[in-house]
Amino acid sequence: MKSKNRYGLMYSAVRAVLLAGVSSSMMTVPTVFSAELEEGNTEASEAENNIIIVGSRIKREDFDSASPIITVDAATLKQTGYTNIEDALNELPQLGIGTNLGNNGTSGTETGASFANLRSMGSGRTLVLINGKRMVPSSLSQTSVDLSNIPVAMVEKVEILTGGASAIYGSDAIAGVINVTLKTDYQGFQISLGGSIPEHGGAETQSMSLAMGGEFGGGKGNISGGLNFSNSERLLQTQRDFTTGTGYISTVANPANQSTYDGVPDVLILRDTTISWYPETGGVTSFNPINGAIETYYMNANGELVLNELPQYGSRGEVREGGPGFSFGDYIFQLRSKQQVVNSFLNLNYEIDENLSFYSSLQIASTSSDGDFQPNYLPDAVTVYRDNPFNTDSVNAYMDARGITELSPATGQLVFRTTTDLGTRQQFNERTTYTAIFGLNGFFGDWDWDVSVQHGESKSSTVGGAGFAYRDRLYAAYDVVLGADGPECRTMVDEGCLPLRVLGENTDQAAIDWVTAITTQSQLNTQSIFSGYITGEVFELPGGSASVVLGAEYREDTILFNPDPAERGGIILLAGENNPVPESKLDVSEVFTEINLPIVDMLEIGAAYRSSDYSTVGSVDAWSATLDFRPIEDLAFRVTSSTSIRAPSVYELFNPGNTIFNIIQDPCDNQNVVRGSNPAVRAANCAEDVGEDFTDPLSGATRATLAGGNAELEPEEADTITAGFVITPTAVPGLNMSIDWWQIKLTNKIDTKQVANILIDCYDSPGLENSACGAITRRASDNAIIKVDGGQVNIGEVDLEGFDISLEYRFEAAKLFEDMPGSFGLRLITTKLEENTINDDDVITIQAGDYDNPEWAGTFTASYNADHWGVNLNTIFRGSSLADPDLNTVDNSGNPVNYDEAYPNGNGEVDTLYRFDLNGYYALSSSTTLSFGVRNLTDEEPPRVTGFFSGRNGAADVIGRTYVMNVTMDL
């Protein structure tokens with residue numbers, strides 16, 4: 001194995017990256033970097049500088065690229081204190097909110113997974129590579145790669161290329177590519193121990209990693225590997241005051257509102273939102289014929305039915321602030337999942353002769369995740385008869401006073417409850433993933449070539465534990481009569497039914513166990529790839545040698561999903577109907593080419609093309625073109641244009657359909673019929689369909705929605721343009737700046753048509769004969785919506801536009817303070833979002849400027865590095881945004897309706913969010929380095945916004961001030 005000047009190459013690479021307008025990392029590498037800063041790359045041979053960077057297979061002399069690339073190094077990842085890569089990358093403005101530990105606690109087989117989301121276009125449109133090669137997906141529905149499977153100890157760097165790259169890498173690279181480079185020729189032995197402790201408890205982390213490697217065969221071979229263990233504790237909603245009790249903020253329709261522009265607030269602000277119909281110990285809701293009020297009673301600790309006299313909200317008076325009921329501030333999900341990961345990586349490289357080398361790698365990861373979320377509640381009223389022996393005197397007196405012998409819909413007395421006595425619903429996920437790669441590469445004269453074969457599998461098993469219940473068993477257990485030996489079930493006695501109280505507290509564990517459903521579902525993804533290419537120089541041009549790539553690839557993806565038999569039958573309470581996905585697959589054969597033409601010294605153009613033949617959607621093409629123009633040494637212009645594709649995934653094509661439950665706002669409810677883009681049309685359609693002055697009998701309840709695959713789907717297509725310039729003034733050494741404008745137009749977008757859009761399409765379009773109305777099923781008895789059918793369709797378009805701005809200045813400390821050693825660094829990475837508009841079947845959603853997609857976002861780092869220590873302050877910011885469009889209304893004169901007194905941020909807006917992270921390192925010896933830091937130094941809390949999460953799935957930090965420490969030893 002040839003020896004290399006590692007530090008000289010490091011400087012060369014970093015400098016060239018900066019010249020291309022690329023940020024090398026979010027913080028400075030420790031002492032080795034500053035010590036070698038002046039050496040340059042004089043000892044590195046020209047051959048060693050010929051390297052491949054993300055976005056091309058053509059070898060180049062440095063990291064020159066016409067496409068903007070961001071690079072994050074291993075030191076940065078380690079010092080953040082995060083246990084997985086996704087959390088660290090999510091701080092970059094180019095990434096939207098992906099799937100992470102802050103929002104995946106209820107994702108079924110994807111519980112605990114981490115999927116990146118470039119440009120907020122969806123994780124299925126971000127292609128993740130390891131060492132330039134695809135990895136087996138960990139998602140059933142998309143081709144997303146779980147970033148928590150990657151061993152941080154073996155990461156050398158992470159490169160992020162934004163913009164379409166399908167011509168180079170194939171399907172899915174619509175928003176861009178994340179390439180994780182692992183150490184493939186590591187020598188030595190390294191151990192690292194780390195952890196983080198939040199000041200307010202919860203979300204603690206611990207990690208341990210090993211990396212080792214060495215040469216054999218007289219230096220011709222190298223074997224290296226890594227092992228990483230990480231543990232992340234859960235963070236519950238009740239562990240933070242801003243998501244608990246009065247800290248939980250939501251909205252409810254304002255009954256005084258008559259139209260969107262009447263000057264009256266459309267909604268009212270509520271804190272500690274509670275659905276009073278669902279007390280933990282049960283309750284009765286009835287209509288009072290004397291005063292016309294809807295009255296709700298709850299069972300207190302003494303067994304008495306007590307009238308809930310708190311103010312009522314909602315069309316049926318079901319919503320209150322506080323009090324007994326289903327509390328959103330206590331029950332809705334967890335803020336972060338619990339996760340344990342053990343992952344490993346093994347590399348073997350061997351130089352057979354000077355023209356032929358063998359390489360192989362094996363990655364194995366095992367992930368264990370827990371998801372806790374809300375307890376069950378009863379979606380349908382329970383009938384309680386007068387002869388139920390569990391009835392208290394208060395319950396029987398309630399019936400007697402009304403002259404009835406049962407509490408049921410037939411008597412106008414609705415009995416509901418939240419089943420907290422069954423426990424919080426839990427899911428436990430075990431996922432094992434492996435990918436094996438074997439390849440050969442070498443030279444034919446001046447031509448390089450590479451061929452490889454790889455196979456990967458991702459297996460997942462999800463167990464539903466406490467809190468899940470068999471629907472038929474639960475309702476049977478609530479229907480109790482007095483038997484010879486005491487209370488017993490009226491039905492299902494032979495099946496082992498044991499009685500439960502629907503009004504009152506349950507402590508009989510045997511009865512709880514009988515209704516509890518322990519379910520298991522499994523998922524399998526497999527991927528096989530055969531790939532090869534050849535690259536070399538073909539002719540000379542005034543600016544240098546023209547280079548070309550010719551290659552071919554074959555890929556096969558399969559999925560298999562087996563739900564629990566009980567889920568197939570739809571007999572799990574609130575779980576819908578989960579249908580199995582039999583083994584389904586797609587395969588694709590592809591040919592691709594690249595060419596790079598240095599026309600003259602200052603001008604270089606390139607192009608790439610890929611033709612793909614899918615077994616499912618047929619033939620598709622992708623292409624890209626680049627231009628790099630450097631009129632003077634200090635200034636370079638770069639332009640890229642591309643058309644990328646995303647073929648529908650196996651699941652999107654062949655999923656037979658699942659029934660899930662969603663909260664639905666009926667457009668015809670008397671609180672909603674005056675709203676919408678055309679209230680007159682909505683009112684006329686609703687009057688024809690359900691009559692005037694209709695009150696939704698199931699307001700606030702979940703309804704069944706059906707979503708399935710579609711074998712007729714067509715590929716998505718995205719046209720991307722990037723244009724920018726890079727300034728590297730020789731008069732100011734160490735200063736680098738780049739500005740890039742980008743635009744992405746996605747057409748033929750594949751998505752599940754949203755239930756809300758189906759309802760809008762039906763009732764806000766003239767007449768009721770359109771297809772959207774045919775997807776809606778209403779109950780004959782009271783016209784309540786009970787089911788909406790949806791599914792995967794090529795539904796619309798997405799338009800994105802913005803600017804990426806990068807500024808870096810690195811200078812010797814002696815320029816400011818005479819004789820001071822070391823160097824200072826300043827780095828700004830920011831994105832200005834101009835447009836993010838979704839057009840789904842003519843339903844326009846403008847996302848630019850909303851809470852998840854602020855106009856401005858970025859990071860700013862100030863650092864100082866000396867010989868043996870360094871420190872930096874990293875500022876992460878998200879610009880002011882609109883958190884709740886319902887609170888941003890105007891009156892007939894166009895003046896904003898004032899919510900300032902009721903809403904902490906006023907008119908649904910959120911001020912700029914800042915988070916400050918202080919990190920440092922100290923070299924205890926030549927072989928031991930201590931890293932330390934404080935994340936969220938000023939203990940910033942998320943803004944008070946409406947919704948299930950104040951942190952909004954990762955947009956803001958919900959953990960608070962966290963102390964981070966890591967020690968690394970080279971042995």
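Quantities reported herein were computed from a predicted structural model and do not represent experimental measurements.

J.: Which parts of the structure should I look at to understand the overall build of the protein chain?
T.: When helices and strands are tallied, the protein chain shows 15 helices and 50 strands. In the protein chain, buried positions account for 56% of the 971 residues. Residue pairs in contact within the protein chain that sit at least 24 positions apart in sequence constitute 71% of those at least 6 positions apart. A total accessible area of about 37900 Å² is found for the protein chain, and carbon and sulfur atoms account for 54% of it.

J.: Which parts of the structure should I look at to understand the nonpolar core?
T.: Among soluble globular proteins, nonpolar side chains are generally buried collectively. Leu378, Leu407, Leu474, Leu500 and Val502 are the most contacted members of the largest nonpolar core, which totals 43 residues. Mapped by element, the contributors of at least two residues to this core are β14 (294–299), α7 (328–331), α8 (393–402), β23 (413–416), α9 (471–478) and α10 (509–515). With sequence-adjacent residues up to four places away left out, Val502 is seen in contact with Thr281, Gly282, Leu378, Val382, Val384, Val415, Arg417 and Tyr478. Membership of the second largest hydrophobic core comes to 42 residues, among which are Ile70, Val145, Ile160 and Leu833.

J.: Mind showing me how you'd approach a nonpolar patch on the surface here?
T.: On the surface, Phe216, Ile223, Leu346, Tyr350, Ile352, Leu362, Ile364, Leu440 and Val451 cluster together into a nonpolar patch covering about 670 Å² of accessible area. Of all elements in the fold, only β19 (338–353) and β20 (356–372) reach the threshold of two or more residues within the nonpolar patch. It is β19 that provides the largest number of residues to the nonpolar patch, a total of three residues.

J.: Help me understand the pattern of salt bridges in this model?
T.: Note that side chains of opposite charge can pair when their charged atoms are close. All told, the structure shown has 35 salt bridges when counted by the stated rule. In this structure, Glu556 and Lys585 form a salt bridge, with 3.4 Å as the shortest nitrogen-oxygen distance. With Glu556 in strand β29 (residues 544–562) and Lys585 in strand β31 (residues 581–600), this pair connects stretches of sequence that are 29 residues apart. The exposure class assigned to Glu556 is partly exposed, which follows from its relative accessible area of 22%. Accessibility expressed as a relative area gives 44% for Lys585, which makes it partly exposed. The network of salt bridges with common partners includes Arg125, Arg646, Glu652 and Glu716.

J.: Please explain the state of the cysteines as it appears in this structure.
T.: Note: disulfide means a covalent bond formed between the sulfur atoms of two cysteine side chains. One pass over the full model with this rule turns up three disulfides. Shown here is the disulfide that connects Cys489 with Cys497, its sulfur atoms set 2.0 Å apart. Since a negative S-S torsion denotes a left-handed disulfide, the Cys489-Cys497 link at about -75° is left-handed. Classification of Cys489 as buried rests on a relative accessible area of 1%.

J.: So what exactly am I meant to see when it comes to the sheet that holds strand β39 (residues 776–778) here?
T.: Sheets are built from strands paired through backbone hydrogen bonds, the pairs being either parallel or antiparallel. Strands sit in the order β30-β35-β36-β40-β39 across an open sheet of five strands; the sheet is mixed. The open sheet is flanked by β30 (577–578) and β39, the only strands paired with a single partner. Relative to strand β40 (residues 785–789), strand β36 (residues 702–707) runs parallel, the two sharing three bridges. Bridging across to β40, Leu706 finds its partner in Asp789. Packed onto the sheet, helix α14 (residues 755–763) meets β36, β39 and β40 and runs at close to 80° relative to β39.

J.: How should I be thinking about α14 in this particular structure?
T.: Working note: α-helix, 3.6 residues per turn, so residues spaced by three or four point in the same direction. With seven of nine residues buried, α14 lies mostly within the body of the structure. Considered for burial, the residues of α14 that qualify are Val755, Asn757, Ile758, Leu759, Asp761, Cys762 and Tyr763.

J.: It is not clear to me how unusual backbone geometry should be interpreted in this structure. Could you clarify?
T.: Among all residues save glycine, negative phi is the norm, and among peptide bonds the norm is trans. Phi angles above zero are rare outside glycine, and Asn131 is one such case at about 50°. Along the polypeptide, Asn131 turns up in the loop between β2 (126–130) and β3 (133–134). Exposure remark for Asn131: the relative accessible area of 29% places this residue in the partly exposed category. Backbone geometry places Asp272, a non-glycine residue, at a positive phi of 55°. Positionally, Asp272 belongs in the loop between β11 (267–271) and β12 (273–275). On the accessibility criterion, Asp272 (17% relative accessible area) is buried.

J.: What exactly am I supposed to notice about the environment of Gln754 here?
T.: Along the chain, Gln754 falls in the loop between β38 (735–752) and α14. Spatially, the C-alpha atom of Gln754 lies 9.1 Å from that of Asp840, the residues being 86 residues apart in sequence.

J.: Explain the confidence of the model for the protein chain here, please?
T.: Regions with low pLDDT carry predicted coordinates that are not meant to be interpreted in detail. For the protein chain, per-residue confidence averages 85 on the pLDDT scale, and 88% of positions sit at 70 or higher. Contacts from residues 1–49, a stretch scored under 50 in pLDDT, to residues over four places away or in other chains number 109 contacts. Overall, residues 900–906 carries pLDDT values under 50, and its contacts beyond four positions in sequence, including any with other chains, amount to 20 contacts.

J.: When you look at the environment of Leu971 in this model, what are you seeing that I'm missing?
T.: One can find Leu971 in the segment after β50 (962–970). Leu971 sits 43 residues away from Thr928 along the chain, and the two C-alpha atoms are 8.8 Å apart. Setting aside chain neighbours within four positions, we find Leu971 in contact with Phe189 and Ile191.

What counts and what doesn't
- Residues numbered from 1 in each chain as written.
- Predicted model: local features only at pLDDT ≥ 70, side-chain atom pairs only at ≥ 80, totals over all residues.
- Heavy atoms only, no water.
- Helix = DSSP H or I, 4+ residues; strand = E, 2+ residues; numbered from the N terminus.
- Buried < 20%, exposed > 50% of the residue type's maximum accessible area, 1.4 Å probe, protein only.
- Contact = heavy atoms within 4.5 Å.
- Areas by Shrake-Rupley, 256 points an atom, 1.4 Å probe, with all protein chains shown as cover.
- Core = buried A, V, L, I, M, F, W, Y, C linked by side-chain atoms within 4.5 Å.
- Patch = residues over 30% accessible without salt bridge, like charges linked within 9 Å, V, L, I, M, F, W, Y side chains within 5 Å.
- Salt bridge = Lys/Arg side-chain N within 4 Å of Asp/Glu carboxyl O.
- Disulfide = S-S within 2.5 Å.
- Pairing = 2+ DSSP bridges.
- Axes fitted to C-alpha atoms, helices over the stretch in contact; angles between N-to-C directions.
- pLDDT = per-residue confidence, 0-100.

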